[in-house]
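Summary of structural features
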Amino acid sequence: MASQDCEAAASSRAAAASSQDCEAAASSRAEKEEQKTVRVAASSRAKKKEQKTVRVAASSSRAEKEEQKEERRTVRVTSNDGEEFEMDEAVARGSVMLRHMMELGIALDGVTLPIVSGEILALAVSYLRFHRDYDDGGSGYGYGYSYGYHSESEDTALTNFDRDLVKQLDQATLLDLLAASNYMEIEGLLRLTCQTVAEKLKGKTTEEIRQTFCIQNDYPPEEEEEVREEISWALEEKSLD
Amino acid sequence: MGAGASSMLGTEGDEGGGARRTVMADLPESCVAEVLLHLDPPEICRMARLSRTFRGAASADAIWAAKLPRNYGYLMAVALGGDDCPAKWVLTKKETYAWLCRRNPFDGGTKEFWLEKKRGGICLSISSKALSITGIDDRRYWNYIPTEESRFHTVAYLHQIWWLEVRGEIDFGFPEGTYSLFFRLHLGRAYKRLGRRVCSPEHIHGWDIKPVWFHLSTSDGQQAQSKCYLEEPGMWVYYHVGDFAVRDSFAPINVKFSMTQIDCTHTKGGLCIDSVLIQPRGIKQQKIPPAYLQCQQTNGSYY
């Protein structure tokens, strides 16, 4: 009987224990589940962080590479007499012609300009390089960090550079540079050279200009008279007062 | 500007071979136009005489569009008297500029405006007929006399009066800028005798006792006034009233102006009033009287 009791007790104890066990097991299973969830969550957070790090690392290193590549992205421009000029693509963009060539991918092996001499190209390149640092080369395409707004000192530096660039040029070089800046579509340089030529035209008579600039009078006499008539409104000095 | 290049810059071959340099004649018309843009209109027109290329370049719309005042559409409408003349739509920019440079009468011929051709600024003249002159109907004081010395062929002549008060106003769309306003006055009555100009000083009196007061005000609150003793008989003199600024080419402004000498302790007379002139500030004026006083931009009342 006792043994029965014992057995019963034991079995009940066992049962209890087993149920406890069960509970414990259950609870521990739950705990484990929870922990697992926590672990999983933690690990997924860690994973995400890791991925982010990887991504950041990858992108920054890509950016670095790109930057390095950009710094190394230059374009080689050759004059018609074989002089080579290597300049950053960002600088070359000041010439709309070169910009288009680069965009079309036809500047990769360099560009040769069949109608621009080395002497002139050197001047154009120095203009592009100087203006790259201050504005967008006058092209209006917005590269460069000034977007057309300058401090007074920057303005002076630009004006001084421009003035010095053109003041020593003889007439032939000036006109060559004008034609080159038109061909290469460097807006600011075209404006500068045109203004300089205009200064030289001011105050001179028709004959003086013809002589200085070797301009042929290709008018037959009747047409000359016609032109005189056409412009008379601008020339007459009517002063009633 | 297109890249209209011709093979002009250097030839292939050795340097010593004398690469041909650019001359003006090589430049495409677009480049020449770009050069001419930096000259003033009379100079641009003179350049047309150089060669055919220059003639073409000198007519480029791009140049004249830059020279025209911003509100040239309005100005052309005034110049054409509000008629819907189809011609105004086919004028090139250069022809438009030339048209505006003419004397353009409006308001029944009592006013004229014109473009000052060198700088492209608007000038405007208002005839004495468009002014309110106190006592103008009384022939004891005032009458209108014909003269070739006025662009309106008539001036108001004062014999004598106690109360001199002349007022006027103008509504006009001035292009942006600063303008000076003047009264064009003449002491004495001029006429031709035996082909020579003679000035009769018989009625001149009273101008050295007290100065004449000039005043202007605008619809946007600007004011200016000045005072001056009238001087230099026998000469047309521009008396500077003051300046006003126009900030918006597309907003017409109303300007009121006046000239008064109402000190009734003395009479004055022998004065011709031709017109009021408005022109961009800074254009040199002939015959500024030495006693000219700088106008003060005050709101003070005047006597």
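Residues numbered from 1 in each chain as written. Chains lettered and ligands numbered in written order. Predicted model: local features only at pLDDT ≥ 70, side-chain atom pairs only at ≥ 80, totals over all residues. Heavy atoms only, no water.

- As annotated in an unreviewed UniProt entry, chain B is F-box protein PP2-A13-like from Ananas comosus.

- Under the annotation held in an unreviewed UniProt entry, chain A carries the name SKP1-like protein 4 and is attributed to Ananas comosus.
- For chain A, the Pathway (unreviewed entry) comment in UniProt is given as "Protein modification; protein ubiquitination."
- For chain A, the Sequence similarities (unreviewed entry) comment in UniProt is given as "Belongs to the SKP1 family." (UniProt positions renumbered as here; feature names shortened; annotations may be inferred.)

Observations concerning the environment of Met 97 of chain A
Residue and element names in this part refer to chain A.
- As for its position among the elements, Met 97 is in helix 3 (residues 96-103).
- Taking the C-alpha atoms as reference points, Met 97 and Tyr 183, 86 residues apart in sequence, are found 7.7 Å from one another.
- If sequence neighbours within four positions are ignored, Met 97 has contacts with Leu 113, Tyr 183, Met 184 and Glu 185. (Helix = DSSP H or I, 4+ residues; strand = E, 2+ residues; numbered from the N terminus. Contact = heavy atoms within 4.5 Å.)

Quick notes on the UniProt feature "domain: SKP1 component dimerisation" (unreviewed entry) in chain A
- Under the UniProt annotation, "domain: SKP1 component dimerisation" (unreviewed entry) lies at residues 188-234 of chain A.
- The span residues 188-234 of chain A shows a helical share of 74% and a strand share of 0%, and its end C-alpha atoms are spaced 30 Å apart.

Examining the interface of chain A and chain B
- Tallying the contact residues gives 52 residues for chain A and 47 residues for chain B.
- For the pair chain A and chain B, the summed buried surface comes to about 4,600 Å²; carbon and sulfur atoms form 58% of the total.
- Remark: the boundary between chain A and chain B carries 6 salt bridges.
- Between Glu 223 of chain A and Arg 52 of chain B there is a salt bridge; the shortest N-O distance is 2.5 Å.
- Where chain A touches chain B, the interface holds 13 residue pairs in polar contact (both at pLDDT 80 or more).
- Of all the secondary-structure elements, those providing two or more residues to the side of chain A that touches chain B are helix 4 (118-132), helix 6 (171-183), helix 7 (187-201), helix 8 (206-213), helix 9 (221-230) and helix 10 (232-235) of chain A.
- With 9 residues, helix 6 of chain A is the single largest residue contributor to the side of chain A that touches chain B.
- Within the side of chain A that touches chain B, the residues separate by chemical class into 26 nonpolar, 9 polar and 17 charged. (Buried area = accessible area lost by both parts, 1.4 Å probe. Salt bridge = Lys/Arg side-chain N within 4 Å of Asp/Glu carboxyl O. Polar contact = N/O pair within 3.5 Å; in protein donor to acceptor, adjacent residues only side chain to side chain. Nonpolar A, V, L, I, M, F, W, Y, C, P; charged D, E, K, R; others polar.)

Here's the deal with helix 6 of chain A
Residue and element names in this part refer to chain A.
- Compared with the 18 Å implied by 1.5 Å per residue over 13 residues, the 18 Å span of helix 6 between its first and last C-alpha is a close match.
- Of all 13 residues making up helix 6, 11 are buried, and the element is well covered by its neighbours.
- All buried positions along helix 6 are accounted for by Thr 173, Leu 174, Leu 175, Asp 176, Leu 177, Leu 178, Ala 179, Ala 180, Ser 181, Asn 182 and Tyr 183.
- Here helix 6 starts with a cap whose side-chain oxygen sits 3.0 Å from the backbone nitrogen of Ala 172, and that cap is Asp 170. (Expected span 1.5 Å × (residues − 1). Buried < 20%, exposed > 50% of the residue type's maximum accessible area, 1.4 Å probe, protein only.)

Some details on the UniProt feature "domain: F-box" (unreviewed entry) in chain B
- UniProt feature "domain: F-box" (unreviewed entry): in the numbering of this structure it lies at residues 21-67 of chain B.
- Counting secondary structure, residues 21-67 of chain B comes out at 62% helix and 0% strand; the distance between its end C-alpha atoms is 32 Å.

Brief notes about unusual backbone geometry
Residue and element names in this part refer to chain B.
- Positive phi, normally seen in glycine, also occurs at Leu 194, with a value near 55°.
- Here Leu 194 is to be found in the loop between strand 9 (189-193) and strand 10 (196-200).
- The class for Leu 194 is exposed, based on a relative accessible area of 84%.
- We note that Glu 232 has phi near 60°; this positive angle belongs to a residue other than glycine.

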